[in-house]
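Residues per chain are reported as follows:
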There are 2 protein chains.
Amino acid sequence: MQTGPQPADFADVRATNLAVVLRHLRMNAPCSRADIAAATGLNKATVSSLVADLIERRLVRETGMTERRIGRPATMLVLDGSPYAAVGMEVNADYMTVVAVDLAGRKLLSWRRAFAGSSANPGQAAASIAALAKRAVGKVEKEGRRTLGLTVGVPGLVGADGIVRLAPNLRWHDVDLRSALRKALGDPPYPIEVENDANLAVLAEQRYGGFAETGNLIYLTGEIGIGAGIISEGRLMRGERGFAGEFGHLLVDPSGPVCGCGRRGCLEALAGVGALVARTLPDAATSSPTELEPEVEEVVRRAKAGDPKVLDALAETGKHLGHGVATVANLLNPEVVVLGGYFVQLAPWLIPAAEAELRARSIAPEAGGTRLVASTLELGAAATGGAARVLDTIDSGRLPTP
Amino acid sequence: MQTGPQPADFADVRATNLAVVLRHLRMNAPCSRADIAAATGLNKATVSSLVADLIERRLVRETGMTERRIGRPATMLVLDGSPYAAVGMEVNADYMTVVAVDLAGRKLLSWRRAFAGSSANPGQAAASIAALAKRAVGKVEKEGRRTLGLTVGVPGLVGADGIVRLAPNLRWHDVDLRSALRKALGDPPYPIEVENDANLAVLAEQRYGGFAETGNLIYLTGEIGIGAGIISEGRLMRGERGFAGEFGHLLVDPSGPVCGCGRRGCLEALAGVGALVARTLPDAATSSPTELEPEVEEVVRRAKAGDPKVLDALAETGKHLGHGVATVANLLNPEVVVLGGYFVQLAPWLIPAAEAELRARSIAPEAGGTRLVASTLELGAAATGGAARVLDTIDSGRLPTP
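Small disclaimer: the values here were computed from a predicted structure and weren't measured. (Residues numbered from 1 in each chain as written. Chains lettered and ligands numbered in written order. Predicted model: local features only at pLDDT ≥ 70, side-chain atom pairs only at ≥ 80, totals over all residues. Heavy atoms only, no water.)

## Looking at helix α12 (residues 381–395) of chain B
Residues and elements named next belong to chain B. Inclusion rule: Each helix corresponds to a stretch of at least 4 residues labelled H or I by DSSP, and each strand to a stretch of at least 2 residues labelled E; elements are numbered beginning at the N terminus. By this rule, a helix spans an expected 1.5 Å times one less than how many residues it contains. Between buried and exposed lies partly exposed: a residue is buried under 20% and exposed over 50% of the maximum accessible area for its type, with that area taken using a 1.4 Å probe on protein chains only.
For α12, with 15 residues, the first-to-last C-alpha span of 20 Å sits near the 21 Å given by 1.5 Å per residue. Judged by how many residues are buried, α12 sits mostly within the fold: 14 of 15 residues are covered. After α12 finishes, the residue G397 shows a positive phi value of roughly 100°.

## Brief notes about the relation of the copies chain A and chain B
Cut-off, in case you're wondering: The copies are overlaid by a least-squares fit using only the C-alpha atoms of residues whose pLDDT is at least 70 in both copies. When checking whether two residues touch, look at their non-hydrogen atoms; a contact exists if any pair is within 4.5 Å.
Between chain A and chain B, which share one sequence, the superposing operator has a rotation angle of 180° and an axial displacement of 0.0 Å; the RMSD is 0.0 Å. Between the two chains, the operation in question is that of a two-fold axis. Interface residue correspondence from chain A to chain B reaches 99%, placing this contact among same-surface, isologous pairings.

## Concerning the domain arrangement of chain A
Residues and elements named next belong to chain A. Formally: Source of the domain bounds: an automatic or database domain assignment. Put simply, buried area is the surface a 1.4 Å probe can reach on two separate parts but cannot reach once they are joined, added for both.
Splitting chain A by domain gives domain 1 (7–79), domain 2 (85–201 + 382–395) and domain 3 (210–376). A straight line from the C-alpha centre of domain 1 to that of domain 2 covers 31 Å. Each partner contributes to the interface: domain 1 provides 6 residues, whereas domain 2 provides 5 residues. Summing both sides of the interface, domain 1 and domain 2 together bury roughly 560 Å²; the carbon and sulfur share of this comes to 57%. Taken as a group, L22, R26 and L59 account for 71% of the area that domain 1 buries against domain 2, more than any other trio of residues on that side.

## Quick notes on empty space enclosed by the protein
Residue and element names in this part refer to chain B. Going by this rule: A pocket, in this scheme, is an open set of points on a 1 Å grid over the protein atoms alone with protein on both sides within 12 Å along at least 5 of 7 lines, while a cavity is a set where a 1.4 Å probe fits but cannot get out; residues line either one if an atom lies within 4 Å of a point. Grid points are joined across faces, edges and corners, and a volume is the space filled by probe spheres set on the points. Classification convention: Asp, Glu, Lys, Arg as charged; Ala, Val, Leu, Ile, Met, Phe, Trp, Tyr, Cys, Pro as nonpolar; all other residues, Gly among them, as polar.
Scanning all chains against the criterion turns up 9 cavities of 30 Å³ or more. In this structure, the largest cavity is lined by 16 residues; those nearest its centre are E90, Y219, E223, G341 and A381. Going through the elements one at a time, α6 (197–208) and α12 are the ones with two or more residues in the lining of the largest cavity. For the lining of the largest cavity, the per-class residue count stands at 7 nonpolar, 5 polar and 4 charged. Counting contributing residues per domain, the lining of the largest cavity is built from domain 2 (85–201 + 382–395) and domain 3 (210–376), each supplying no fewer than three.

## Some details on the interface of chain A and chain B
As a reminder, the rule being used: The salt bridge definition used is simple: a Lys or Arg side-chain nitrogen within 4 Å of an Asp or Glu carboxyl oxygen. A 3.5 Å cut-off defines polar contacts: any pair of N or O atoms within that distance qualifies, except that in protein one atom must be a possible hydrogen donor and the other a possible acceptor, and neighbouring residues in sequence count only when both atoms are side-chain atoms.
Listed as interface residues are 76 residues of chain A and, on the opposing side, 75 residues of chain B. Regarding the contact of chain A and chain B, the summed buried area is about 6600 Å², with carbon and sulfur atoms giving 59% of it. Note that R235(B) and E233(A) form a salt bridge whose closest N and O atoms lie 3.1 Å from each other. There are 21 residue pairs in polar contact (both at pLDDT 80 or more) connecting chain A and chain B. The set of elements that each furnish at least two residues to the side of chain A that touches chain B consists of α1 (13–28), α2 (33–40), α6 (197–208), β13 (228–232), β14 (235–236), α10 (308–332), α11 (343–361) and α12 (381–395) of chain A. Counting residues per element, the side of chain A that touches chain B draws most heavily on α1(A), at 7 residues. Looking at the side of chain A that touches chain B residue by residue, the classes come out as 35 nonpolar, 24 polar and 17 charged.

## As for the environment of A360(B)
As for its placement among the helices and strands, A360(B) is situated in helix α11 (residues 343–361). Distance from A360(B) to V373(B), taken between C-alpha atoms, is 18 Å for residues 13 residues apart in sequence.

## Describing the pattern of salt bridges
Taken as a whole and judged by the stated rule, the model has 46 salt bridges over all chains. Ionic pairing is found between R57(B) and D53(B), a salt bridge with its closest N-O pair at 1.9 Å. Note that R389(B) is salt-bridged to E193(B), the shortest N-O span being 3.7 Å. Of this pair, R389(B) sits in helix α12 while E193(B) sits in strand β11 (residues 192–196), placing them 196 residues apart in sequence. E193(B) gets classed as partly exposed once you look at its relative accessible area, which sits at 23%. A network of salt bridges, in which partner residues are shared, links R26(A), R207(A), D392(A) and D395(A).

## Some details on the pairing of strand β4 (residues 84–91) of chain B
All names here are of chain B. Note the following rule: Strands are treated as partners if at least two bridges between them are detected by DSSP.
β4 sits mainly inside the fold: 8 of its 8 residues count as buried. Of the two faces of β4, the one lined by Y84, A86, G88 and E90 and the one lined by A85, V87, M89 and V91 are each fully buried. Relative to strand β7 (residues 146–154), β4 runs parallel, the two being bridged by 7 bridges. In the sheet register, Y84 faces β7, and the bridge partner there is R146. Of the strand pairs in this sheet, β4 and strand β5 (residues 95–101) are connected by 6 bridges, and their pairing is antiparallel. Bridging across to β5, V91 finds its partner in M96. Counting the residues between successive antiparallel strands, the hairpin from β4 to β5 contains 3 residues.

## Some points on the side chain of E223(B)
For E223(B), the location among the structural elements is in the loop between β12 (217–220) and β13 (228–232). Apart from the residues lying within four places of it in its own chain, the contact partners of E223(B) are N92(B), Y95(B), G272(B), V273(B), G274(B), G341(B), Y342(B) and L379(B).

## Some points on the sheet that holds β13(B)
All names here are of chain B. Note the cut-off: Lines fitted to C-alpha atoms define the axes here, with helix axes fitted over just the stretch in contact, and angles between the N-to-C directions of these axes take values from 0 to 180 degrees.
Across the sheet, 5 strands lie side by side as β14-β13-β12-β15-β16; this open sheet has mixed pairing. Whereas interior strands pair on both sides, the edge strands pair on one side only; in this sheet they are β14 (235–236) and β16 (371–374). Across 4 bridges, the pairing between β12 and β13 is antiparallel. In the strand pairing of β13, Y219 is matched with G229. Across the sheet, helix α10 (residues 308–332) lies against β12, β13, β15 (336–339) and β16, angled at about 155° from β12, the strand it touches most.

## Points about the UniProt feature "domain: HTH marR-type" (unreviewed entry) in chain A
Rules: UniProt positions are given in the numbering used here, feature names are shortened, and annotations may be inferred rather than shown by experiment.
In the numbering used here, UniProt assigns the "domain: HTH marR-type" (unreviewed entry) feature to residues 21–62 of chain A. Along residues 21–62 of chain A one finds 69% helix and 12% strand; the C-alpha atoms at either end are 14 Å apart.

Take a look at the structure:
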């Protein structure tokens, strides 16, 4: 309820200060207790007590290394990568991905499996997700690591309670995926979270993409649908019920085609990857989204070959996309809008048309400085973001018990 | 670069902790040092040192009152309203407002002056703004108060550097209002800020309106233009360059009327108060925005009288407004969208049509819980917000020197 600097976790200043130390180490390790005190403004006694807590929890360790200085040498501290693993998953209409990283962000595993998400019922889907999660958790735990948490990204509306309210491309409605996974995984000791896929992907961009220092960042998923993950002043915007980022149903053309949502002329009905494929490859069967990947590759092949029909369709798609980007740019004035998913492969043809439309429709000069770029993360960014989400809860001071 | 709890002012934990104490007192005073320690998680020694600092700066004072408890009685603390004043102003095309409040939020003065903003040049405007500011500051200082700061709201794009990039209804372009005011006021000891009017109005709603506990809040200005002030998780969203909230130029109808911005079918060309007046009172001269207030009153009079043409126009305006609200609701999932300015008087007729459109265009069930309400603050909310902005900088731990 205030706008000034504040610990978000208002009631727990110690958790906030633990977080300050942990994040300082993530960015600056190796460093000494004195370095941390100097950089954070915490006094040395407080830093020593916080560091002791982090060492006891095996999140931080002392290195043999010391720093030369007048007086006795200072012991250097680093994050301890070995004892823990954070697991993230992404569920799509055509595939699922699982990623595990250690506390220092090193990737421990990254698996991708075909998955008939659009035909499986929620119960079958939960079983498949749990089975893949179990194998990933089993692997990292066989290496002697403790699982800090599991976060699963789904393309749809996810309530703060972890219930998937609506996921059109999975044909889900009010699915309590978190409880189903907790049950299927035998009520494990680590937290399980379910989150919108675009929200997780933007966390991955922030932590592992080219935008670690970018406070105002938007990620657009480039699948059949178009979702937005929004980071404002370094914080993920989930909205009051966690439904923020429903970007694909922005009205772009009242006389446009009917959208999956039943409305006419929505952004994703005009600029979604499914719509692009239908426009460029009318001959191809676009019924099943599992067809999408080879079809996108075919679009890229024809674009490279200079097929004028495909180039026109890409330019039109980019123009509609730019209209949508201009709308968020006017409303939120982000520094960067990142095109993700299948848009990455298509970006060389989409971005020029999109940028022209962005500039034409922006009220602020030079589009308020908003840049439009392609993601540097491969498909499955949301899974990486799921793991990042787990590390964020640690970084925010909610530490695992010793 | 993190999304978890963190002091926004990362480098200065003490400022953050001062802010924690100050805000706790604002919400819970009178209370004892022990109460503060218990509620905030700060240890008692730290609280005592922070409180001593606040007392030295005359932001907090001890009351004679003590709390009965085992052991020695605890001295109670309250915010000290007497020594300081925060001043806010709002500049519009037809009037300007100045408001002064004390640290505890009590209103010390609230003046409104007619002002031909659309015809004055920036130099004349700055002189008029400075003259009114000088009189307000003079009055509070004659009462022995020290001015903590002055924040001026203008309807337009304001850079983080205080330069007004663009204010169409004032016909301003790249006006360094902050420097002009600092010069005209003889380089005063208090900070001067210039901010977008919608941003200030939403701060006023958060602090003095019905929404102090509302973390996700959007305020829409109801003037000739329609601007948005956005609060996300309790924090004002300014965007990368401070240009967030340009809501009035959302495309609503490609075949709609030409907007002041030169584009066609923008929200404010269809749902702005100027457009409504033109639609309902084609006979009235709508050339000068100084005419707007009596004309809005005439629209209200005719609506109350049941004039079918006016009721239809209000319903159409509400429908377009609802389209715009649905767009921000899908993107940001706010808890409340507040209609401000002239929309307040028109709300009984606008809201039913707007709510129907909001529900029809929202992806989330029940519009994601987003409520559409009329502001409880009168015209000039941005001036009140300007004063709130000054108090926010104090609350955030940037304290005045003793």
